[in-house]
Amino acid sequence: MKNCDQVQVILKVLLIDSNQKRLNQMDNFLSQNGLRLKAFDYIPTISEVKSFGANLITYFTNKSEKSLIDLETMQVDFPGVSILVVTQENSKEAIDALLDRGALNVILNNGKGSEVLFGVISSYKFDARIKKLETQIECVENKYNDLKIIGHAKRILMKRYKETEAEAHYRLQKMSMNRNNTMREISEQIIDASALLG
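Residues numbered from 1 in each chain as written. Predicted model: local features only at pLDDT ≥ 70, side-chain atom pairs only at ≥ 80, totals over all residues. Heavy atoms only, no water.

## Quick notes on the overall build of the protein
Alright, step 1. A tally of regular secondary structure across the protein gives seven helices and five strands.
Alright, step 2. Along its sequence from the N terminus, the protein presents helices and strands in the succession β-α-β-α-β-α-β-α-β-α-α-α.
Alright, step 3. In terms of overall dimensions, the protein is more spread out than a globule: its C-alpha atoms have a radius of gyration of 25 Å, far above the 16 Å expected for 198 residues.
Alright, step 4. Each principal axis of the C-alpha atoms in the protein carries an extent, and together these give about 80 × 35 × 25 Å.
Alright, step 5. Buried positions account for 37% of the 198 residues belonging to the protein.
Alright, step 6. When the accessible area of the protein is evaluated, it comes to approximately 12,400 Å², of which 53% is carbon and sulfur surface.
Alright, step 7. Side-chain charges in the protein split into 27 positive and 25 negative, and the spacing between the mean points of these groups amounts to 7 Å. (Helix = DSSP H or I, 4+ residues; strand = E, 2+ residues; numbered from the N terminus. Rg over C-alpha atoms; globule rule 2.2 N^0.38 Å. Buried < 20%, exposed > 50% of the residue type's maximum accessible area, 1.4 Å probe, protein only. Areas by Shrake-Rupley, 256 points an atom, 1.4 Å probe, with all protein chains shown as cover. Lys, Arg positive; Asp, Glu negative; His and termini not counted. Charge placed at Lys NZ, Arg CZ, Asp CG, Glu CD.)

The following block contains the structure:
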């Protein structure tokens with residue numbers, strides 16, 4: 001179960017570009033603007049990505065077909081790491097294909113570092129919002145499941161002890177405090193015992 005509290009994440013970017021000159025320029029520009037990054041002129045290994053702790057890959061490409069294959073590889077090899085594609089391909093079909101293959105964001109670039117910086121930051125913020133929403137959804141689902149289990153246990157207590165819902169709830173709370181367990185844990189024990197007793 002995920003922690004529902006907010007966690008501060010440091011942006012760590014992998015730059016991938018087979019064009020060494022552009023890679024060095026972007027590496028210098030983005031580093032000067034305070035980003036923690038590591039540059040590769042090849043698709044890095046899984047251990048290289050994990051050891052750096054990257055949470056965003058910025059992938060430069062000019063070749064649409066090769067980039068589609070690379071994106072699929074990165075999606076499989078680096079789950080949970082978002083991918084920003086920087087390309088000069090400006091056709092709707094090419095951009096849609098990149099997004100369909102797993103790119104979080106696609107930006108067009110004419111060689112300006114400021115455009116890449118904007119793309120990196122906006123992709124990171126977008127990805128952070130998605131992950132925050134996913135965590136919130138999971139927390140709500142967990143809370144809903146807790147309430148269902150507690151509700152089931154209360155119905156068992158109401159039937160067994162001829163109690164109102166409020167009385168059954170109070171009984172669960174008291175059992176929870178006395179045993180130093182959550183209400184869900186106590187409710188699960190009641191449900192299991194009830195199933196055994198028939």
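## A closer look at the pairing of strand 2 (residues 36–40)
Alright, step 1. Bridge analysis of strand 1 (residues 12–16) against strand 2 gives five bridges, and the strand direction is parallel. If you follow Val 13 over to strand 2, its bridge partner there is Leu 37.
Alright, step 2. The parallel pair strand 1 and strand 2 is bridged by helix 1 (residues 20–32), and the resulting crossover is right-handed. (Pairing = 2+ DSSP bridges. Right-handed = clockwise from strand over helix to strand, strands pointing away.)

## A word on the pairing of strand 1
Alright, step 1. With five of its five residues buried, strand 1 lies for the most part within the structure.
Alright, step 2. By the alternation rule, side chains of strand 1 split into Lys 12, Leu 14 and Ile 16 and Val 13 and Leu 15, which are all buried.

## Section: the packing of helix 6 (residues 165–179) against helix 7 (residues 183–197)
Alright, step 1. Running from N to C, helix 6 and helix 7 cross one another at 110°; their axes reach a closest spacing of 9 Å. On the basis of their axis angle, the class for helix 6 and helix 7 is roughly perpendicular. Along its contact with helix 6, which presents His 169, Leu 172, Gln 173, Met 175, Ser 176 and Arg 179, the element helix 7 presents Met 183, Ile 186, Ser 187 and Ile 190.
Alright, step 2. For the contact of helix 6 with helix 7, the residue count by class is five nonpolar, four polar and one charged. (Axes fitted to C-alpha atoms, helices over the stretch in contact; angles between N-to-C directions. Parallel < 35°, antiparallel > 145°, perpendicular 65-115°, else oblique. Contact = heavy atoms within 4.5 Å. Nonpolar A, V, L, I, M, F, W, Y, C, P; charged D, E, K, R; others polar.)

## Here's the deal with unusual backbone geometry
Alright, step 1. For Lys 162, which is not glycine, the phi torsion reads 55° and is therefore positive.
Alright, step 2. Secondary-structure assignment places Lys 162 in the loop between helix 5 (113–161) and helix 6.
Alright, step 3. When its relative accessible area of 71% is taken as the criterion, Lys 162 is described as exposed.
Alright, step 4. With a phi close to 55°, Asn 180 is a non-glycine residue in the positive phi region.

## Points about the environment of Lys 131
Alright, step 1. Summarising the element assignment, Lys 131 is placed in helix 5.
Alright, step 2. Distance in space between the C-alpha atoms of Lys 131 and Gly 80 is 9.5 Å, their sequence separation being 51 residues.
Alright, step 3. Once residues within four sequence positions are removed from consideration, Lys 131 is found in contact with Gly 80 and Ser 82.

## Regarding the pattern of salt bridges
Alright, step 1. In the structure shown here, the tally under the stated rule is nine salt bridges.
Alright, step 2. The partner of Arg 184 in a salt bridge is Asp 146, and the shortest N-O contact between them spans 2.4 Å. On the criterion of sequence distance, the pair formed by Arg 184 in helix 7 and Asp 146 in helix 5 is long-range, its members being 38 residues apart.
Alright, step 3. Members of the salt-bridge network, linked through shared partners, are Asp 146, Arg 184 and Glu 188. (Salt bridge = Lys/Arg side-chain N within 4 Å of Asp/Glu carboxyl O.)

## Re the confidence of the model for the protein
Alright, step 1. Mean pLDDT over the protein: 88, with 95% of residues reaching 70 or higher.
Alright, step 2. Confidence, expressed as mean pLDDT per element, reaches its minimum in the protein at helix 3 (residues 64–77) with 87 and its maximum at helix 6 with 96. (pLDDT = per-residue confidence, 0-100.)

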